[in-house]
Amino acid sequence: MESIYDLLKKRGYSRRDFLKLAAGLTAALSLSPEMIPKVAHALETKPKPVVIWLEFQDCAGCSESFIRSTNILPTEVLLDIIDLEYHETLMAPAGEFAEASKEEAMKKYKGQYILVVEGAIPTGNAGYCTIAGRTALDQLKEAAEGAAAIMAVGSCASWNGIPGADPNPTGAISVQQALPNKTVINVPGCPPIGDVIVAVIAEYLVLGKIPKLDEMGRPVAYYGQTIHDRCYRRPFYNSGQFAESFDDEGAKNGYCLYKMGCKGPVTRNACSTIRWNGGLSFPIQSGHPCFGCAEPDFWDRGHIYTPLSVVSTGIGAKEIGTAVAVGAAAGAAVKWITNIGKKGGA
Amino acid sequence: MSKRVVVDPITRIEGHLRIEADVKNGKIDKAYSSGTMVRGIEIILKGRDPREAWAFAQRICGVCTTVHAFASIRAVEDALDITVPLNASLIRKLMIGTIFAHDHVVHFYHLHALDWVNPVSALKADPKKTAELAKKVSPYSKSSPAYFREVQKKIKQQVERGQLGIFNKGYWNHPDYKLPPEANLIAVAHYLDALVWQTKVVQIHTIFGGKNPHPNFAVGGVPSPINMDSDTAINSDRLARVETLIDEAIDFVDNVYLPDLVAIGSFYKDWFRKGEGLGNFVALGEPEFDSHKDGKWFIPPTFIHNRDVKNFEDIDYNQIKEYVTHSWYDYSVGDDKPLHPFNGETKLHYTGPEPPYDYLDVNGKYSWLKSPRYKDMPAEVGPLARTLALYARDMYGTREIVDKYLKDLGLPFEAMFSTMGRTLARGIETHLYVHKMKKWYNQLISNIKKGNTNTFNDEKWDPSTWPSNDIKGFGLMEAPRGALSHWVHIEDHKIKNYQAVVPTTWNASPRDAKGQPSAYEASLVGHDLWNPHEPLEILRTIHSFDPCLACAVHLYDEENDEKIEVKVL
């Protein structure tokens, strides 16, 4: 099959244009510039990977984030980088032709396609989520069978997310829970950064293997550090300068939001490095404390506006804490992290 | 003999929608709309901190991201009687304008256009002729033969290698694709341009809310402070960026979206005569700023009965009620009686067929959507309802604008009550919102120049300042897809009950106790189907409503029976 480079050549791309794309892709993958030849080589030799994207108990926010990628534009993603054979929100056909599209792709590209899953999977009742009259679990298992790699995009697919928040009315589970014997790449966040979603897919294309994952199935490249580790407001934390309310003097001066409940110290994500929508900002930069949306059970693990120092792991999700900040983050942070895996963790 | 046609999944929408239709002699005789996924976010909200409700509610939908956050903070502010600073209201309005521009453009190009535009036919276009045609339609700067040739090459390549991706198995041989190749090529080119443009316009959300989708909010104001002397707050650099983005949005809407909409509409005039649906329209109202209490409206609450635009009515909020007669829930008062959202109840109870199934039991319960009704009547909400409300009230020059579009197309006013009329109304209101953004922006700048930089009211932030008895409030928001309302009870500083009555629930609900169909169900009746396996006709009309199913499915839980008292003014 033709490589991506062949395709671009036919469209009149010069070698120079092509190398520009390879360099852009290398940067988008946060790889060092020495990797450009390797990326170029992959684009010269590898066909476009087929992607089947399933949505279950979702809000389509991850799909929306996916089409907000800026390092590689969504037009390039859809036309040059991947072959998206099934995606309910974007695809032309409906009903039986849509399902036929998926079935044909699963057959034709068996063992080769990337399966992306958005949304949690309900187990409380077979009728809680059906597509084409079939349950979410049934659809997922079928598509997982012939997948070369499985990506859970977003916190719902990665951990069970908002449908799984207390009291989890529909018995929602994560992709990993639904597929206990498969390797699942978790790309959490509510939603994840669009550039991260695209980069994880593109990395599979370039390197031909799944990226290095942490013990919870997250790509280390994007989830290896906490938001606090790389936060530009970190110096204010270190010097004890805090905002205590929206729009107070500290907030206006860009001080640390720890006392307003920031969960940056216990949240692994790339928001403070890659940032959002073209690197323009991220929640903390726009004045709101991080509420930890990439972490398992974040909806139930301490309140958005309660400082980490007064959040205990045993707190009921629905108790109201009063925002009183005491002490340093470290102790609470460790407690928060060690409780991982209660419901949705890998 | 009638035949049952099933379309599941309905694609190019948000969420999981199934349409079943009885077809007699090639025509739809009856149609049934079903939402097939439930999460229970309102149950999850019970017992939570009302200041955090927006974050949960926001996750109801990631396509119309922000709308549930707005309705939520407004409901909580209503219950707690919080006044929002003017700057915060203006920033919120700029974010609302952004979601209208983004959502309507993405709907037109990425969710709806492929119902009218055939990308395979675009391969036959002459790029030079295409450029000439494009220049006749609008002054959009990109319209050169080279630009169209490049787009054509891209599409050709997908076709040649047999990897059509999202365009695979489209109904490209359907005889009702009527655009000439050049018009198809223009639309495909703009499909791709819009896909890139939409990554940028949302940066207004990123500046004020830190990210998109799902930017951040605050009960009592906005999270972002204004400080011209700080490199991290809203400063002159950020505001200049916002202004540029507004100008780009105006340019794209006026020079790409609207000209394309009219050009496409002119080839499908027959679709200005079908797909009407109910003829009843509800706009619950968009407050001038955030509170409905002062009776000042950007979009006034309006009910139009049976197409009678002249005799429109104001809205009585006591008249909103929901049925579960054909929904997978139980009511303690019996399934044939409706409940007001302040008195709602929930019990999930799936009684549909065991999956895998072929057909739903449409005589019984068949959807996760409830059936909202106004004055016990089904009604359509959305861009058409709002445009008709503004037409009826003669606001913002809407009469002149609508009349001019119709005159140019050679159509009577009645043409608005149709599939294409709905799609046209969406474009008309996008124009209104993007131009209003400029006005809101200038007002914000003028406040800042006067030294007013306040963006947050902290008086009631501390829950100890709240009463502990049961207080309630509701928040209104005219969302891109229509009238949205959130209803909250707060007791002992926690959410006692939370309910959302959502645009797609109004439009896509199942039948009620009287057997009255919803807008979706009514609008499909009479449609001819060329081939039931390629139900393009169904997609055209259903997409004209811009379905959002994750929004539409929700549930209520309220044990107490109490007297309904809704006072707006």
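Reading the values: the criteria
Residues numbered from 1 in each chain as written. Chains lettered and ligands numbered in written order. Predicted model: local features only at pLDDT ≥ 70, side-chain atom pairs only at ≥ 80, totals over all residues. Helix = DSSP H or I, 4+ residues; strand = E, 2+ residues; numbered from the N terminus. Buried ≥ 20, exposed ≤ 12 C-beta atoms within 10 Å, placed from the backbone. Contact = placed C-beta atoms within 7 Å. Rg over C-alpha atoms; globule rule 2.2 N^0.38 Å. Pairing = 2+ DSSP bridges. Axes fitted to C-alpha atoms, helices over the stretch in contact; angles between N-to-C directions. Expected span 1.5 Å × (residues − 1). Nonpolar A, V, L, I, M, F, W, Y, C, P; charged D, E, K, R; others polar. Core = buried A, V, L, I, M, F, W, Y, C linked by C-beta atoms within 7 Å. Left-handed = near helix turned anticlockwise from the far one by under 90°. pLDDT = per-residue confidence, 0-100.

Asker: Please explain the overall build of chain A as it appears in this structure.
Answerer: Within chain A, the secondary structure is distributed over 14 helices and nine strands. Expressed as a percentage of its 346 residues, the buried residues of chain A come to 63%. Counting contacts in chain A only where the partners sit at least 6 residues apart, residues at least 24 apart contribute 71% of the total.

Asker: Explain the overall build of chain B to me, please; I cannot follow it from the model alone.
Answerer: Looking only at helices and strands, one finds 16 helices and 12 strands in chain B. Relative to the compact-globule value of 25 Å for 569 residues, chain B shows a C-alpha radius of gyration of 23 Å, a close match. The principal-axis extent of the C-alpha atoms belonging to chain B is close to 70 × 65 × 50 Å.

Asker: Looking at this structure, I do not really get the sheet that holds strand 12 (residues 494-501) of chain B. What am I missing?
Answerer: To summarise the sheet geometry, strands pair through backbone hydrogen bonds and adopt either a parallel or an antiparallel arrangement. Residue and element names in this part refer to chain B. If you walk across this open sheet you meet the three strands as 10-11-12, and the pairing is antiparallel. Where the open sheet ends on each side, the last strands, each with one partner, are strand 10 (471-479) and strand 12. Put simply, the sheet's adjacent strands are angled 15° from each other on average, direction ignored. Sheet topology note: the strand 10/strand 11 (residues 482-491) ladder contains nine bridges and is antiparallel.

Asker: Would you take a moment to explain the environment of Glu313 of chain B for this structure?
Answerer: Residue and element names in this part refer to chain B. Summarising the element assignment, Glu313 is placed in the loop between strand 7 (302-304) and strand 8 (320-323). The exposure class assigned to Glu313 is partly exposed, which follows from the 14 C-beta atoms found within 10 Å. With 79 residues separating them in the primary sequence, Glu313 and Ala392 have C-alpha atoms 9.9 Å apart.

Asker: Please clarify how helix 3 (residues 67-80) of chain B should be interpreted in this entry.
Answerer: Residue pairs three or four apart in sequence face the same way in an α-helix, which turns once every 3.6 residues. All names here are of chain B. With 14 residues, helix 3 extends 20 Å from end C-alpha to end C-alpha; this agrees with the ideal 20 Å at 1.5 Å per step. By the criterion of burial, helix 3 is predominantly enclosed, with 14 of the 14 residues buried. Just past helix 3, the residue Asp81 takes up positive phi, approximately 60°.

Asker: Help me out: how do you make sense of the sheet that holds strand 1 (residues 50-55) of chain A in this one?
Answerer: Residues and elements named next belong to chain A. A sheet is described by the order of its strands in space; here five strands give the open sequence 2-1-3-7-9, paired in parallel fashion. Looking at which strands have only one partner, the edges of the open sheet turn out to be strand 2 (83-87) and strand 9 (184-187). The average angle at which neighbouring strand axes cross in this sheet is 20°, direction not considered. Against the sheet, helix 6 (residues 95-108) engages strand 1, strand 2 and strand 3 (113-118), with an angle of about 135° to strand 2.

Asker: Looking at this model, I keep getting lost on the interface of chain B and chain A. Mind explaining?
Answerer: Chain B puts 93 residues into the contact, and the matching count from chain A is 82 residues. Secondary-structure elements contributing two or more residues to the side of chain B that touches chain A are strand 1 (3-7), helix 1 (41-45), helix 2 (53-58), helix 6 (145-160), helix 7 (181-201) and helix 8 (203-209) of chain B. It is helix 8 of chain B that contributes the most residues to the side of chain B that touches chain A, five residues altogether. A class-by-class count of the residues in the side of chain B that touches chain A yields 41 nonpolar, 33 polar and 19 charged.

Asker: Help me understand helix 10 (residues 383-392) of chain B, please; the structure alone is not making it clear to me.
Answerer: Of all 10 residues in helix 10 of chain B, 10 are buried; the element is thus mostly enclosed. A positive backbone phi angle near 55° is found at Asp394 of chain B, which sits one or two residues after helix 10 of chain B.

Asker: How should the environment of Asp115 of chain B be read in this particular structure?
Answerer: Residue and element names in this part refer to chain B. Within the secondary structure, Asp115 is located in the loop between helix 4 (86-112) and helix 5 (127-137). In the structure, Asp115 is positioned 61 residues away from Asp176 in sequence and 9.5 Å away in space, judged by C-alpha atoms. When residues no more than four places from it in sequence are discounted, the contact partners of Asp115 are Leu536, Leu539, Arg540 and His543.

Asker: Mind showing me how you'd approach the nonpolar core here?
Answerer: Most often, soluble globular proteins have nonpolar side chains that are buried together. Membership of the largest hydrophobic core comes to 296 residues, with the highest contact counts inside it found for Val117, Met151 and Ala202 of chain A together with Val282 of chain B. Residue contributions to this core peak at 14 residues, all from helix 4 of chain B.

Asker: For this particular structure, what's the right way to read the packing of helix 12 (residues 419-449) of chain B against helix 15 (residues 536-544) of chain B?
Answerer: The relative placement of two packed helices is expressed as an angle between their axes plus a distance between the axes. Residue and element names in this part refer to chain B. Interaxial distance between helix 12 and helix 15 falls to 8 Å at its minimum, and their mutual angle equals 35°. By crossing handedness, the relation of helix 12 to helix 15 is classed as left-handed. Residues Thr419, Arg422 and Thr423 of helix 12 lie in contact with helix 15, whose contacting residues are Arg540, Thr541 and Ser544. Partitioned by chemical class, the residues of the contact of helix 12 with helix 15 number no nonpolar, four polar and two charged.

Asker: How should I be thinking about the environment of Pro180 of chain B in this particular structure?
Answerer: Residue and element names in this part refer to chain B. By secondary structure assignment, the location of Pro180 is in the loop between helix 6 and helix 7. For Pro180, a count of 16 C-beta atoms within 10 Å translates into the label partly exposed. For the pair Pro180 and Asn216, spaced 36 residues apart in sequence, the C-alpha separation works out to 45 Å.

Asker: Even after reading the chapter, I still don't get unusual backbone geometry, so can you show me in this structure?
Answerer: Where the residue is not glycine, phi is negative for most of them; where a peptide bond is considered, it is trans in most cases. Residue Pro213 of chain B is reached from Asn212 of chain B by a cis peptide bond, and omega for that bond is 0°. Here Pro355 of chain B and Pro356 of chain B are connected by a cis peptide whose omega angle stands at -5°. With respect to the helices and strands, Pro356 of chain B occurs in the loop between strand 8 and strand 9 (371-374). Phi at Asn168 of chain A is positive, roughly 45°, even though this residue is not glycine. Tracing the chain through its elements places Asn168 of chain A in the loop between helix 8 (155-159) and strand 8 (172-173). Of note in the backbone geometry, Asn277 of chain A takes a positive phi value of approximately 50° without being a glycine. Its location among the elements puts Asn277 of chain A in the loop between helix 13 (249-252) and helix 14 (330-338).

Asker: Before we go on, may I ask you to explain the packing of helix 4 of chain B against helix 9 (residues 236-267) of chain B in this structure?
Answerer: Residues and elements named next belong to chain B. Where helix 4 meets helix 9, the closest approach of the two axes is 11 Å, and the angle between their N-to-C directions is 30°. As for how helix 4 packs across helix 9, the hand of that crossing is left-handed. Mapping the contact onto sequence places Leu94, Ala101, Val105 and Phe108 in helix 4 and Val242, Ala249, Phe252, Val253, Tyr257 and Leu261 in helix 9. In terms of residue class, the contact of helix 4 with helix 9 is made up of 10 nonpolar, no polar and no charged.

Asker: What exactly am I supposed to notice about the confidence of the model for chain A here?
Answerer: Of the residues in chain A, 88% reach a pLDDT of 70 or more, and the chain-wide mean stands at 87. Across residues 313-346 of chain A, where pLDDT falls below 50, the model places 69 contacts with residues more than four positions away in sequence or in other chains.

Asker: Sorry if this is basic, but what is going on with the confidence of the model for chain B here?
Answerer: Caution applies to low-pLDDT regions: their predicted coordinates should not be interpreted in detail. Confidence along chain B averages 94 in pLDDT terms, with 97% of residues attaining 70 or more. Confidence drops under a pLDDT of 50 for residues 555-569 of chain B, and excluding neighbours within four residues, the segment shows 32 contacts in the predicted structure.

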